[in-house]
Amino acid sequence: MGNKGLTRILKDIESLVLVGGIVGLVILFSAFEPRFLSFENFRIILETMSVLAILALGLNLLLIVGEIDISFTSVLEFSASIVALISSYWHLNTFLTVLIALLGAVAVGVANGMFVVKLRIPSFLVTLASQAIVGGIVLIICNYRAVLIADQTFLNVFYGRPLGNVATCVYWMVFIAFCLWFILTKMKFGKWAFATGGNEEAARLMGIPTARVKLLCFILDGCLAGVAGFILGSRAMSARPLMSTGYLMPAMAAPIMGGASLNGGEGSVPKTLLAVFLLSIITNGVSLLGLEPAYRDILMGTILIVALSIRQLRSLAIL
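Treat the numbers as computed from the prediction; the structure is a model and nothing was measured. (Residues numbered from 1 in each chain as written. Predicted model: local features only at pLDDT ≥ 70, side-chain atom pairs only at ≥ 80, totals over all residues. Heavy atoms only, no water.)

Caption draft 1: Broad picture of the state of the cysteines. Enumeration over the complete set of coordinates arrives at zero disulfides. The structure places no disulfide on Cys 169, whose sulfur is separated from the nearest cysteine sulfur, that of Cys 179, by 17 Å. (Disulfide = S-S within 2.5 Å.)

Next up, the structure:
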């Protein structure tokens, strides 16, 4: 095999590892639990992975432009709590409720982006602060308790089953993934995003509005976190503080496992979805087998370390 063939295989190694991991885990879990291979179980996996997928896809956008966000968990809770508050006390129509909650999530994205692109504060520090601020606002809105979402139309839109057994959250996930794939691969903005993350100074000299690109990515990330909050709130039929506990690590791990780099310039929507599917299989399989959640964390951490090690070996081999 020539150098070109070896390079091609090394570039696709992440996809091979993810697919291999999925196949291996499916075989492992189905050997111990026959119910794992049922259609009903895979429907459950698809529905439960929707929130994680949307969060991971938003973070993938930011990683592509060389930034990061850890406030998305609080933004998720913020959007859900706004919906719960409006539906319980003010009873506005569903469209206005969604619009107001989405604007709240977008406002956090705008604030994060402005501090990063205008004041040059590292995005990790900015979003660490906004996570605390927004989390505190959620505690005040919810008064430290769960608030029921009384809008039945809202619940049907984001977690109903109008077309059969599959919940609408799966369609939202597929729709968002397709839109982001199209933007990143078929539109000028996608080229600008990869160029900004690859070498921001060179991209600026080429005439790319790197500040606007980053700001828009922060806005889209906030918007996607808001939609994830709608889905999670609809599934629980309520909003409460800390309802996003457990999403931070896997949502950050999925795009990195899918090829995104902390240095920017890399990222893939299909590979991120594969990584989310792999992580969701782990959660589902551990639950079906009746194991402690600690085993899920061990498996996820191990797979992340393996993926990062393979990427490092790949980069060394290519160099």
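Caption draft 2: Expanded view of the nonpolar core. Within the largest apolar cluster, 91 residues are counted, with the highest numbers of intra-cluster contacts made by Val 51, Leu 55, Phe 154, Ile 231, Met 257 and Ile 281. Examining the composition of this core, we find that 14 residues originate from one element, helix α3 (residues 39–64), more than from any other. Each residue touching Phe 154, except ones within four places of it in the same chain, is listed here: Val 83, Thr 94, Val 98, Ile 149, Phe 230 and Ser 234. (Core = buried A, V, L, I, M, F, W, Y, C linked by side-chain atoms within 4.5 Å. Buried < 20%, exposed > 50% of the residue type's maximum accessible area, 1.4 Å probe, protein only. Helix = DSSP H or I, 4+ residues; strand = E, 2+ residues; numbered from the N terminus. Contact = heavy atoms within 4.5 Å.)

Caption draft 3: The arrangement of the packing of helix α4 (residues 72–90) against helix α11 (residues 210–236) in detail. Where α4 contacts α11, the two axes come as close as 7 Å, and the packing angle between them is 55°. By the angle between their directions, the pair α4 and α11 is classed as oblique. At the point where α4 passes α11, the crossing takes the right-handed sense. Of α11, the residues touching α4 (which contributes Phe 72, Val 75, Leu 76, Ser 79, Ala 80 and Val 83) are Gly 222, Ala 225, Gly 226, Ala 228, Gly 229, Phe 230, Leu 232 and Gly 233. In the contact of α4 with α11, the residues fall into nine nonpolar, five polar and no charged. (Axes fitted to C-alpha atoms, helices over the stretch in contact; angles between N-to-C directions. Parallel < 35°, antiparallel > 145°, perpendicular 65-115°, else oblique. Left-handed = near helix turned anticlockwise from the far one by under 90°. Nonpolar A, V, L, I, M, F, W, Y, C, P; charged D, E, K, R; others polar.)

Caption draft 4: Seen up close, the environment of Thr 48. Within the fold, Thr 48 resides in helix α3. Judged by relative accessible area, Thr 48 falls into the partly exposed class, the value being 34%. Taking the C-alpha atoms as reference points, Thr 48 and Ser 280, separated by 232 residues in sequence, lie 7.5 Å from one another. From its side chain, Thr 48 meets the backbone oxygen of Ile 45 in a polar contact 3.1 Å long. (Polar contact = N/O pair within 3.5 Å; in protein donor to acceptor, adjacent residues only side chain to side chain.)

Caption draft 5: The environment of Ala 254, seen in detail. Checked against the element boundaries, Ala 254 lands in helix α12 (residues 248–257). Accessibility expressed as a relative area gives 0% for Ala 254, which makes it buried. Separated by 46 residues in sequence, Ala 254 and Met 300 place their C-alpha atoms 9.9 Å apart.

Caption draft 6: Quick look at a nonpolar patch on the surface. Together, Tyr 89, Trp 90, Leu 92, Phe 95, Leu 96, Leu 99, Ile 100 and Leu 103 give the surface a local cluster of nonpolar side chains, amounting to about 820 Å² of exposed area. For the nonpolar patch, the elements supplying multiple residues, two or more each, are α4 and α5 (94–119). The leading source of residues in the nonpolar patch is α5, at five residues. As for its placement among the helices and strands, Leu 96 is situated in helix α5. Accessibility expressed as a relative area gives 36% for Leu 96, which makes it partly exposed. (Patch = residues over 30% accessible without salt bridge, like charges linked within 9 Å, V, L, I, M, F, W, Y side chains within 5 Å. Areas by Shrake-Rupley, 256 points an atom, 1.4 Å probe, with all protein chains shown as cover. Salt bridge = Lys/Arg side-chain N within 4 Å of Asp/Glu carboxyl O.)

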